[in-house]
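# Breakdown of the fold
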Amino acid sequence: MARIIALIIKELQAILRDRRGRVVLFAAPLIQLMVFGYAATFDLNRVPVAIYNQDGSQTSRELVARFLGAPTFELADTLHSDHRIDALIDSRAVQMVLVIGRHFTRDLLSGRAAPVQVIVDGRNSNTALIIVGYANTILTRFGDDWRAARGGRGPPAHLVMRARYNPALRSQWFVVPGIVALLTQVVTLVVIGLSVAREREAGTFDQLLVTPLTQLDILIGKSVPGLLIGMVEATVIILAAVFWFHVPLRGNIVALYVGLLLFVTAVTGVGLAISAVSATQQQALLGAFLFMVPSVILSGFATPIANMPLWVERITLVNPLRYMLVIVRGAFLQGAGFGTLAGQFWPMAAIGAVNLGLAAWLFRKRTT
């Protein structure tokens, strides 16, 4: 045990004494957290719009004011004919054109459907659907308020939306908890992946093999520092998520850290396997990159796993990031505890055992 502890201390000193390594371990994840937290959002703000108001009445101007008063839309141009609509959309000068019909007010007063047209740039279908949703909400509220102000009856059925766990539907609450798992995997994988490769490249790995340390001692000594750094990194990102981005942490924090420990252990096994077969740090980084990209895509971080083909869904079952995303989002937003998250713990424990066993076999094969 004393030899293993000495090796762990030696590994931590080697990692933390490297100034560039410290930047990669601590500064880079925080920068990525800020970039993802603010840039990776599904919310739309200041969408450039053009207004073509053919009616020109007080009522139509009230509707225009509703659109321009919302933080979602920003006036880019006011049109007096329909000749420039196609050009504005084609050049991406605007993402939406609001066209109010010539008889808008007259149709409202007569009880008929008033013509209001929303023209959007459909080249980005997701953005277009979100814009249409915002516009439809404003139009619906305007119609309800207009009828209520004149004593008219509202529609026979009224839709009241309630979003559980994220009442304001803030995409930041969805993205930031996922970044906790994503950046923890990146840091742990890089630290562990470079551990043995760095020794081989420097020519000091053979010196370790002639010491009283056994192969198991070296394996443990190489894995524990990365596991500790991964847990510390996760803690820093969780604190930033709670106190900087104000994402509520409603669940059992002990359950969250149990999940993190299992997740970091599973990723440690992958990193050790990559490190065992890599002769240089460049090869180790390439191996880590080749694992991380499919891992993120097949995790449900950005796209639902349920939307993937069945054979791809089955592949995701061996991806530890898939389970960790459920745990971290459940702990943050859903208030989940051990009972709810138990179904995510045992698959990660099994994946971690297999990964560590594979890493030990590869390690023994390369050192014999």
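Below is a short write-up of the structure. Predicted model, so just to flag it, every value in this text is computed and none were measured. (Residues numbered from 1 in each chain as written. Predicted model: local features only at pLDDT ≥ 70, side-chain atom pairs only at ≥ 80, totals over all residues. Heavy atoms only, no water.)

## Section: the overall build of the chain
The test is simple: Put simply, DSSP H or I for four residues or longer makes a helix, DSSP E for two residues or longer makes a strand, and each gets a number counted from the N terminus. Type-normalised accessible area, obtained with a 1.4 Å probe on protein chains alone, sets the label of each residue: buried when under 20%, exposed when over 50%, and partly exposed for intermediate values. Whether two residues are in contact is decided by their heavy atoms, any of which lying within 4.5 Å being enough. Each accessible area value is a Shrake-Rupley result obtained with a 1.4 Å probe; residue values ignore everything except the protein chains displayed when judging cover.
Tallying secondary structure elements over the chain gives 14 helices and four strands in all. The 368 residues of the chain split such that 44% are buried. A fraction of 77% describes how many contacts in the chain between residues 6 or more apart in sequence connect residues 24 or more apart. If you sum the accessible surface of the chain, you get close to 19400 Å²; carbon and sulfur atoms cover 63% of it.

## Considering the pattern of salt bridges
Opposite charge on two side chains allows them to pair when their charged atoms are near. Short version of the rule: Salt bridges are defined as contacts in which a side-chain nitrogen from Lys or Arg sits within 4 Å of a carboxyl oxygen from Asp or Glu.
Counted by the stated rule, this structure contains three salt bridges. We note a salt bridge from R66 to D145, for which the minimum N-O separation is 2.9 Å. Note that R66 is positioned in helix α3 (residues 58–69) and D145 in helix α6 (residues 125–149), a separation of 79 residues in sequence. As a salt-bridge pair, D77 and R84 come within 2.5 Å of each other at their nearest N and O atoms.

## So, the nonpolar core
Within soluble globular proteins, side chains that are nonpolar generally end up buried alongside one another. Counted only if it meets this: What we call a nonpolar core is a set of buried Ala, Val, Leu, Ile, Met, Phe, Trp, Tyr and Cys residues that are connected through their side-chain atoms within 4.5 Å.
Residues L33, L256, M324 and F332 are the most contacted members of the largest nonpolar core, which totals 44 residues. For this core, the elements supplying multiple residues, two or more each, are α7 (171–202), α9 (215–243), α10 (253–277), α11 (281–297), α13 (320–334) and α14 (338–367). In terms of nonpolar packing, the next biggest core, distinct from the first, is built from 19 residues, L44, A70, I100 and F142 among them.

## Side note on the sheet that holds strand β4 (residues 116–120)
To summarise the sheet geometry, strands pair through backbone hydrogen bonds and adopt either a parallel or an antiparallel arrangement. How we decide: A pair of strands is considered paired only if DSSP assigns at least 2 bridges between the two. Angular values range over 0 to 180 degrees, each being the angle between N-to-C directions of two axes fitted as lines to C-alpha atoms, with helices fitted over their stretch in contact.
Strand order in the open sheet formed by four strands is β2-β1-β3-β4, with mixed pairing between adjacent strands. Lying at the two open borders of the sheet, with one neighbouring strand each, are β2 (73–79) and β4. Each adjacent strand pair in this sheet contributes to an overall mean axis angle of 25 degrees, direction not counted. Pairing geometry for strand β1 (residues 47–53) and strand β3 (residues 96–100), over five bridges, is parallel.

## Focus on unusual backbone geometry
Positive phi outside glycine occurs at R92, with the angle close to 65 degrees. Considering the arrangement of structural elements, one finds R92 in the loop between α4 (85–90) and β3. We classify R92 as exposed; its relative accessible area is 56%. For H246, which is not glycine, the phi dihedral falls at a positive 60 degrees. Mapped onto the fold, H246 is located in the loop between α9 and α10.

## Thoughts on the pairing of β1
In plain terms, the rule: Orient the strands so they point away from the viewer; a crossover is then right-handed if the path from the first strand over the helix to the second runs clockwise.
For β1, a buried count of five out of seven residues is recorded, marking the element as mostly surrounded by other parts of the structure. Examined bridge by bridge, β1 and β2 share six bridges and lie parallel to one another. Its bridge partner being in β2, Y52 is matched across the sheet by L79. This β-α-β element, β1 to α3 to β2, shows right-handed connectivity.

## What about α3?
To be explicit about the condition: Helix span, expected: 1.5 Å multiplied by one less than the number of residues in the helix. Directions pointing from the helix axis toward each C-beta atom define the arc.
The terminal C-alpha atoms of α3 lie 16 Å apart, and with 12 residues this matches the ideal 16 Å at 1.5 Å per residue to within 8%. Every buried residue of α3 is accounted for by T59, S60, L63, V64 and F67. Looking down the long axis of α3, one finds its buried residues gathered within 145 degrees of arc, a one-sided arrangement.

In short, shape yes, function no, at least from these values alone.
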